[in-house]
Amino acid sequence: MANESDFIDQLISETHRDNAFKKLLDLYQVRLYWHIRKLVITHENADDVLQNTFIRVYKSLANFSQQSSLYTWMYKIAYNESIRFLEQNKNKHSISIEDVNTKYLNCLLEDTFFEGDAMQLKLQTAVSELNYKQRQIFNMKYYDDLKFREIATILEMKEGTIKTLYYNAVKFIENNIEILPVKKGESVQNTENI
Amino acid sequence: METNDKINQMNDDELNKIHSDSLGLNVPENYFFESKNRILNKVVTKEEPKTIPFYRKKTIWFAAATLTLFLGLTVCNKYAALDEQKIADQLTDSIAQIDNENGATAVSKNNFNNQIPNISLTAENDILVSSLFVEEKEVDQYITNCILEDM
């Protein structure tokens, strides 16, 4: 965005706030949805969490310190809302987040809006076998195209640790499937040079 | 911003495609449009005509306070007069009873009644009530005059 600071001013101002918020939805709704969807798996859950995320964003805009970009800040809220959802889910069904993780494929297969073929299922199986943190990092880097620095900010971890976990995740997936789908003209091997 | 929107729209399409092609994840038709409207309905405040709450109207507060004060004073005065009359009656009855028991007639009931001041004090109470509506300046002036007279 050309001038994010001006846009944030509009989001905070009482007169322009609502119009600016509509713009914010146009800009980030889809991105945040996919980020959330990969964390909570099913479309219904992602829909709930997305709604909660934007409500929280709207209420918290006045407190945004602008230490990170608006997108990173929103992404972090979406991440926290997803974790909160999974925690609530854990309390309801007496299962841990790790258990939720192991149920990943079951949830995916039960989801009406999953129409994966054999190859996609193979990739999903490999991703589901990553530990929870690695799966988040892999998704953020591979599918959401976030920078390591941004992932480190969102997960409140060191950038070096994020890189190590990502490379380990990529290697694990490579070993478990024949070919990792090529992204934006890069081979899997090239991702190590990012 | 316009260019940004176009780029962003492309990115959204790309994102939808990559999630559909690589992960087999899809969304219902028109989902993002409907979701946007639902979110906006929840967060964006609708303009409502400004109304002044009942409790902010000073005239209503003033009228209510005056009415309460008037009713309070009326009721208090009435019961105060009744209580005082009751005490006086009880006193005279007791004395009369003692008189009858002792056979003494030193103090007759009528005489005693004459000795008891009229404690309904209606006139005094009126003065007290009316003094509430006297300006402070007048009260000060009255006190000053009294002091000067005493001197």
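Residues numbered from 1 in each chain as written. Chains lettered and ligands numbered in written order. Predicted model: local features only at pLDDT ≥ 70, side-chain atom pairs only at ≥ 80, totals over all residues. Heavy atoms only, no water.

Thoughts on the overall build of chain B
1) Next: Within chain B one finds 6 helices and 0 strands.
2) Next: Across chain B, helices and strands are ordered from the amino to the carboxyl terminus as α-α-α-α-α-α.
3) Next: Carbon and sulfur atoms provide 59% of the accessible area of chain B, an area that totals close to 12400 Å². (Helix = DSSP H or I, 4+ residues; strand = E, 2+ residues; numbered from the N terminus. Areas by Shrake-Rupley, 256 points an atom, 1.4 Å probe, with all protein chains shown as cover.)

Remarks on the nonpolar core
Residue and element names in this part refer to chain A.
1) Next: Counting residues in each nonpolar core, the largest one holds 69 residues, and the members touching the most others are Phe 21, Leu 24, Leu 32, Leu 70, Met 74 and Phe 138.
2) Next: Residue contributions to this core peak at 13 residues, all from helix H2 (residues 17-40).
3) Next: Ignoring sequence-local partners within four residues, the contact set of Leu 24 consists of Phe 7, Leu 11, Gln 29, Val 57, Leu 70 and Met 74. (Core = buried A, V, L, I, M, F, W, Y, C linked by side-chain atoms within 4.5 Å. Buried < 20%, exposed > 50% of the residue type's maximum accessible area, 1.4 Å probe, protein only. Contact = heavy atoms within 4.5 Å.)

Things to note about the packing of aromatic side chains
All names here are of chain A.
1) Next: Per the stated rule, a full pass over the model turns up 16 aromatic pairs over all chains.
2) Next: Measuring from centroid to centroid gives 6.1 Å for Phe 138 and Tyr 166, while their planes differ by 20°, and the two rings are stacked. Residue Phe 138 is found in helix H8 (residues 132-143), and its partner Tyr 166 is found in helix H10 (residues 159-176); the two are separated by 28 residues along the sequence.
3) Next: Under the relative-accessibility criterion, Tyr 166 is labelled buried at 1%.
4) Next: Every member of this aromatic cluster is reached through a ring pair, and the members are Phe 138, Tyr 142, Tyr 143, Phe 148, Tyr 166 and Tyr 167.
5) Next: Over the ring of Tyr 58 we find Arg 17; its NZ or CZ atom is 4.1 Å from the centre of that ring.
6) Next: A cation sits over an aromatic face here: Arg 31 above Tyr 71, 5.5 Å from the ring centre. (Phe/Tyr/Trp six-rings, centres within 6.5 Å; stacked < 30°, edge-to-face > 60°. Lys NZ or Arg CZ within 6 Å of the ring centre and 35° of its normal.)

Digging into a nonpolar patch on the surface
1) Next: A cluster of nonpolar side chains, Val 134, Val 139, Tyr 142, Ile 143, Ile 147, Leu 148 and Met 151 of chain B, forms an exposed patch at the surface whose accessible area comes to about 730 Å².
2) Next: A residue is classified by how much of its surface remains accessible, and Ile 143 of chain B, at 42% relative accessible area, is partly exposed. (Patch = residues over 30% accessible without salt bridge, like charges linked within 9 Å, V, L, I, M, F, W, Y side chains within 5 Å. Salt bridge = Lys/Arg side-chain N within 4 Å of Asp/Glu carboxyl O.)

Re the environment of Val 27 of chain B
1) Next: Its location among the elements puts Val 27 of chain B in the loop between helix H1 (2-23) and helix H2 (31-43).
2) Next: The spatial distance from the C-alpha of Val 27 of chain B to the C-alpha of Asn 16 of chain B is 8.6 Å, given a sequence separation of 11 residues.

Observations concerning the pattern of salt bridges
All names here are of chain A.
1) Next: For the structure on display, the rule yields 7 salt bridges over all chains.
2) Next: Between Glu 81 and Arg 84 there is a salt bridge, and its shortest N-O distance comes to 2.5 Å. Of the two residues, Glu 81 and Arg 84 are both situated in helix H4 (residues 70-93); the distance of 3 residues between them amounts to about one turn of the helix.
3) Next: A salt bridge links Glu 159 to Lys 163; the nearest nitrogen and oxygen atoms lie 4.0 Å apart. Linking Glu 159 with Lys 163, this pair stays in helix H10, spanning 4 residues, or about one helical turn.
4) Next: Assessed through its relative accessible area of 30%, Lys 163 is described here as partly exposed.
5) Next: Look at the salt bridges and you will find they share partners, linking Arg 56, Glu 81 and Arg 84 into a network.

With respect to the side chain of Lys 36 of chain B
1) Next: If you trace the backbone, Lys 36 of chain B turns up in helix H2.
2) Next: Residue classification places Lys 36 of chain B among the buried residues on the basis of a relative accessible area of 18%.
3) Next: Ignoring any residue separated from it by four or fewer positions in sequence, one finds Lys 36 of chain B in contact with Lys 22, Leu 25, Asp 26 and Gln 29 of chain A.

Focus on a negative patch on the surface
Residue and element names in this part refer to chain B.
1) Next: A grouping of Glu 135, Glu 136, Glu 138 and Asp 140 is seen on the molecular surface, where their side chains present a negatively charged patch.
2) Next: Within the secondary structure layout, Glu 135 lies in the loop between helix H5 (122-132) and helix H6 (136-150).
3) Next: On the basis of relative accessibility, which here comes to 52%, the residue Glu 135 falls in the exposed class. (Lys, Arg positive; Asp, Glu negative; His and termini not counted. Charge placed at Lys NZ, Arg CZ, Asp CG, Glu CD.)

Here's the deal with the confidence of the model for chain B
Do not read the predicted coordinates in detail wherever pLDDT is low.
All names here are of chain B.
1) Next: Summing up the model confidence of chain B, the mean pLDDT is 69 and the portion of residues at 70 or higher is 48%.
2) Next: Looking across chain B, the model is least confident in helix H4 (residues 109-115), with a mean pLDDT of 54, and most confident in H2, with 91.
3) Next: Scored below 50 in pLDDT, residues 1-8 shows 10 contacts in the model against residues more than four places distant or in partner chains. (pLDDT = per-residue confidence, 0-100.)

Looking at the confidence of the model for chain A
Residue and element names in this part refer to chain A.
1) Next: In this model, chain A carries a mean pLDDT of 80, and residues with pLDDT of at least 70 account for 75%.
2) Next: When pLDDT is averaged over each element of chain A, helix H3 (residues 43-60) comes out on top at 93 and helix H11 (residues 188-191) at the bottom at 40.
3) Next: Note that pLDDT drops below 50 for residues 184-194; the model gives that stretch 16 contacts with residues more than four away or on any other chain.

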